[in-house]
Amino acid sequence: LIAHYQSLPQAASFTQAASFTPVNYREAFGLFDRVGDNKVAYNQVADIMRALGQNPTNKEVNRLLGMPSADDMTAKRVEFEGFLPMLQTIINSPNKAGYDDYVEGLRVFDKEGNGTVMGAELRIVLSTLGEKMSADEIDALMAGQEDENGCVNYETFVKHIMSV
Amino acid sequence: MDCHNEECSRPQEEEDIMDIPLDDPEANRAAAKIQAGFRGHMTRKKMKPEDKAEGEERPEDRGQ
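Reading the values: the criteria
- Residues numbered from 1 in each chain as written.
- Chains lettered and ligands numbered in written order.
- Predicted model: local features only at pLDDT ≥ 70, side-chain atom pairs only at ≥ 80, totals over all residues.
- Heavy atoms only, no water.
- Helix = DSSP H or I, 4+ residues; strand = E, 2+ residues; numbered from the N terminus.
- Buried < 20%, exposed > 50% of the residue type's maximum accessible area, 1.4 Å probe, protein only.
- Areas by Shrake-Rupley, 256 points an atom, 1.4 Å probe, with all protein chains shown as cover.
- UniProt positions renumbered as here; feature names shortened; annotations may be inferred.
- Core = buried A, V, L, I, M, F, W, Y, C linked by side-chain atoms within 4.5 Å.
- Contact = heavy atoms within 4.5 Å.
- Arc of directions from axis to C-beta.

Caption draft 1: Layout of the overall build of chain B. On a plain count of helices and strands, chain B comes out with two helices and zero strands. In chain B, which comprises 64 residues, the share counted as buried stands at 38%. Accessible surface, chain B as shown: approximately 4500 Å² in total, 50% of it carbon and sulfur.

In structure tokens, the structure reads:
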């Protein structure tokens, strides 16, 4: 198991078209400004990047924001000119995960080698490893993905993940 | 491998689940990458206008 994680392939970067309608990054940024000061809160930065097709880890975003405290995340705001270089760092980051990375990562849990993983096991992994996901996040993620036996076909699952 | 001696008191399924390498940095790094992709997907899905029923398969050429 551990040996497999160590060999997770470094896929070539893949880009994913944002599927909502703003024409450019500035416009997308503006949609997130709920105060009207042409800024967004620190705690919105990760989501704006995700909306724009990126998949930053929370750790990457925190690093870019200068390791903010919990208070900073809600109280501090950043303008577009401060946000853009952060976005560009994420866009240009090497080692972005692609289809193969996700599939191989999930294949580790395919005990029978039949293309499926137990939904229950996946839920435990997502909630205990890495950047732990909440029960609500996991429910939203896995909605409709498990068959009547509680199994997930992970290649289908990854295609679904990458389609948006 | 055998679970039927005195040292092993847990049933087989629990033991499999306990195989999760909680302290392994590589496993955690790999998990974080996968979780990042999942979170990206969920944010983008939330932002889409609801024009299709939940759970419907999308054509693969969707992301142009």
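And the narrative resumes.
Caption draft 2: Spatial organisation of the UniProt feature "domain: EF-hand" (unreviewed entry) in chain A. As annotated in UniProt, the feature "domain: EF-hand" (unreviewed entry) corresponds to residues 97-132 of chain A in the numbering used here. A helix fraction of 53% and a strand fraction of 8% characterise residues 97-132 of chain A, whose end C-alpha atoms lie 18 Å from each other.

Caption draft 3: Structural context of the nonpolar core. Counting residues in hydrophobic clusters, the biggest one holds 24 residues, and the most contacted among them are L122, L126, M133, L141 and F157 of chain A together with F38 of chain B. Non-local contacts of M133 of chain A, meaning those with residues more than four positions away in its chain, are made with L126, S127, I138 and L141 of chain A together with Q35, F38, R39 and M42 of chain B. Y42, I48, M49 and V61 of chain A belong to the second largest nonpolar core, which has 20 residues in total.

Caption draft 4: Geometry of helix α8 (residues 119-128) of chain A. For α8 of chain A, every residue scored as buried is listed here: G119, E121, L122, V125 and L126 of chain A. Down the axis of α8 of chain A, the sector holding all buried residues measures 160°, keeping them to one side. Buried residues in α8 of chain A make contact with α7 (99-107), β3 (116-118), α9 (135-142), β4 (151-153) and α10 (154-162) of chain A together with α2 (25-47) of chain B. Directly beyond the C-terminal end of α8 of chain A, a positive phi value near 60° is found at G130 of chain A.

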